[in-house]
Amino acid sequence: MGQQPITFLRQVVALCTYPNLLDSPSFPEDSKKRARRILQGCGGNSLGSYSASQGVNCIREDVAAYIERRDGGVPADPDNIYLTTGASDGIATILKILVSGGGKSRTGVMIPIPQYPLYSAVISELDAVQVNYYLDEENCWALDVNELRRSLEEAKAYSNPKVLCIINPGNPTGQVQSRKCIEDVIHFAWEEKLFLLADEVYQDNVYSESSQFSSFKKVLYEMGPDYYNNVELASFHSTSKGYMGECGYRGGYMEVINLHPEIKGQLVKLLSVRLCPPVSGQAAMDIVVNPPVPGEESYAQFIKEKESVLNNLARKAKLAEDMFNQVPGIHCNPLQGAMYAFPRIFIPAKAIETAKAHKMAPDMFYCMKLLEETGICVVPGSGFGQREGTFHFRMTILPPVEKLKILLEKVKAFHIKFLEEYS
């Protein structure tokens with residue numbers, strides 16, 4: 001996609017991978033300092049050794065310190081931090097320990113629709129019950145507690161709903177939930193005794209000036225001890241998104257609070273089965289949570305690179321939103337955060353009938369036609385879930401600006417031609 005890696009992160013991982021470079025004058029001292037600290041926490045001072053199943057201790061300490069800084073002093077305990085193979089591994093692991101029962105007592109897991117398909121896949125793998133709640137497209141994909149309540153009450157007839165998943169900022173929908181919305185969700189979870197899963201991997205990706213990321217942990221703490229001491233919460237972060245884009249390192253963490261000590265013991269036991277997350281990914285995660293600070297020699301370059309990536313993404317988010325909304329039959333909500341556009345598309349009745357004849361969902365038919373005629377690959381909304389009778393597709397905003405403009409112009413031309421052909 002043309003995005004350049006963050007120099008400091010790559011420097012530290014390189015130093016950790018090949019410690020002989022620690023003597024090289026080509027690397028700044030602050031990168032060497034971090035690499036030495038990470039290596040001292042590794043068995044045999046080597047990235048090639050297994051780590052503790054929960055992760056390298058000093059990296060978990062850095063994650064806890066990061067969470068405290070991010071949340072304005074809300075305490076974080078390294079013992080509640082678990083380093084993971086990307087956020088996906090953490091999400092799957094937590095769901096594994098939460099799912100139980102059979103028949104109508106089988107665990108129900110509430111997930112947003114549209115959703116990131118990891119959730120439905122893991123729920124299916126664990127033979128749990130998927131409980132859908134719909135985001136409000138007319139209100140910029142906001143989360144509505146009345147919809148949560150409807151979903152929960154209906155699900156009680158065929159399952160035992162125990163888990164509520166939230167993706168904020170949203171994938172594929174790109175919304176950033178307001179603090180009021182988060183408070184309402186936490187109150188609902190407290191009231192219904194639901195375990196909260198907060199997927200916050202896009203926390204650095206907030207573009208709208210009217211939006212601000214608030215972590216569920218911070219809001220939970222500020223709501224007072226009745227909530228903070230009782231609501232079970234697992235929150236997730238990753239090296240794959242944000243300004244880093246280092247998905248190949250498979251670095252991530254989860255913070256789990258208010259877990260019963262016996263269940264916590266079972267979680268550690270479950271994590272030990274997979275030995276440990278990739279230690280190079282743990283090192284990359286450390287740099288995400290412990291970047292250069294003012295006064296260090298790498299700070300100026302780091303902040304320049306970070307802001308360049310995020311400013312570019314913000315520009316591309318606005319570009320995609322504006323251009324989609326100029327096309328007849330396409331509507332795109334504001335891209336407040338994350339890395340995707342999820343526009344709603346009008347598909348004529350004739351095209352819907354043709355799709356049925358091909359045994360395809362209408363938006364899948366649309367996306368295949370788009371691919372065949374333009375070479376542009378987008379994902380149909382039916383892959384994420386959507387309200388009956390509505391159609392969407394998800395498109396990344398990651399390509400360079402000039403390429404993105406060309407891509408959007410091609411989508412516009414295709415859509416107008418598609419409407420003419422099937423009207």
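What counts as what
- Residues numbered from 1 in each chain as written.
- Predicted model: local features only at pLDDT ≥ 70, side-chain atom pairs only at ≥ 80, totals over all residues.
- Heavy atoms only, no water.
- Core = buried A, V, L, I, M, F, W, Y, C linked by side-chain atoms within 4.5 Å.
- Buried < 20%, exposed > 50% of the residue type's maximum accessible area, 1.4 Å probe, protein only.
- Helix = DSSP H or I, 4+ residues; strand = E, 2+ residues; numbered from the N terminus.
- Contact = heavy atoms within 4.5 Å.
- Expected span 1.5 Å × (residues − 1).
- Salt bridge = Lys/Arg side-chain N within 4 Å of Asp/Glu carboxyl O.
- Phe/Tyr/Trp six-rings, centres within 6.5 Å; stacked < 30°, edge-to-face > 60°.
- Lys NZ or Arg CZ within 6 Å of the ring centre and 35° of its normal.

Draft legend 1. Main features of the nonpolar core. Core analysis: the biggest nonpolar cluster contains 106 residues, and I94, L197 and F324 have the highest contact counts within it. When residues of this core are assigned to their parent elements, the largest contribution, 9 residues, is made by helix α12 (residues 299-324). Discounting residues that sit within four places of it in the chain, I94 has contacts with F195, L197, A234, F236, M254, V256 and L267.

Draft legend 2. Structural view of the side chain of R34. Of note, R34 is situated in helix α2 (residues 29-40). With relative accessibility at 8%, the residue R34 sits in the buried group.

Draft legend 3. Region of the structure containing helix α3 (residues 57-70). Helix length check: α3, at 14 residues, gives a terminal C-alpha distance of 20 Å against a target of 20 Å (1.5 Å per residue), a fit within 8%. All of the buried residues in α3 are C58, I59, R60, D62, V63, A64, Y66 and I67. Looking at the buried side of α3, the elements it contacts are α2, β1 (81-85), α8 (216-222), β6 (233-238), β7 (251-257) and α11 (279-289). Taken from the residues just after α3, G72 is the one with a positive phi, measuring 65°.

Draft legend 4. Local environment of the pattern of salt bridges. For the structure on display, the rule yields 27 salt bridges. Taking the shortest distance from any N to any O, the salt bridge between E373 and K369 comes out at 3.5 Å. Of this pair, E373 and K369 are both found in helix α14 (residues 362-374), 4 residues apart, which corresponds to roughly one turn of the helix. Note on K369: relative accessible area 15%, which makes it buried. Each of R179, E183, K218 and E222 takes part in a single network of salt bridges with overlapping partners.

Draft legend 5. Geometry of unusual backbone geometry. The peptide bond linking I113 to P114 adopts the cis configuration, its omega dihedral lying at 5°. Examined against the element boundaries, P114 turns out to sit in the loop between β2 (107-113) and α5 (118-125). Cis rather than trans, the peptide bond between N171 and P172 has omega equal to 20°. Position of P172 among the secondary structure elements: in the loop between β4 (160-167) and α7 (179-192). Phi at K193 takes a positive value of approximately 55°, unusual for a residue other than glycine. With respect to the element layout, K193 can be found in the loop between α7 and β5 (195-199). Residue classification places K193 among the exposed positions, given a relative accessible area of 70%. Positive phi values are uncommon outside glycine, yet K359 reaches one of about 55°. In this fold, K359 is placed in the loop between α13 (349-357) and α14. Accessibility expressed as a relative area gives 79% for K359, which makes it exposed.

Draft legend 6. Structural context of the packing of aromatic side chains. With the rule as written, the count across this model stands at 14 aromatic pairs. Taking the centre distance of 4.6 Å and the plane angle of 85° together, the rings of Y221 and Y228 count as edge-to-face. With a centroid separation of 6.1 Å and 15° between ring planes, the pair formed by Y366 and F393 is classed as stacked. Taken together, the residues span a long stretch of sequence, with Y366 in helix α14 and F393 in strand β12 (residues 393-396) at a distance of 27 residues. F393 shares its class with Y366; the two are buried. One aromatic cluster is present, built from ring pairs that chain together F324, F365, Y366, F393, F414, F418 and Y422. The positively charged end of R394 is found above the aromatic ring belonging to Y340, 3.9 Å away from the centroid.

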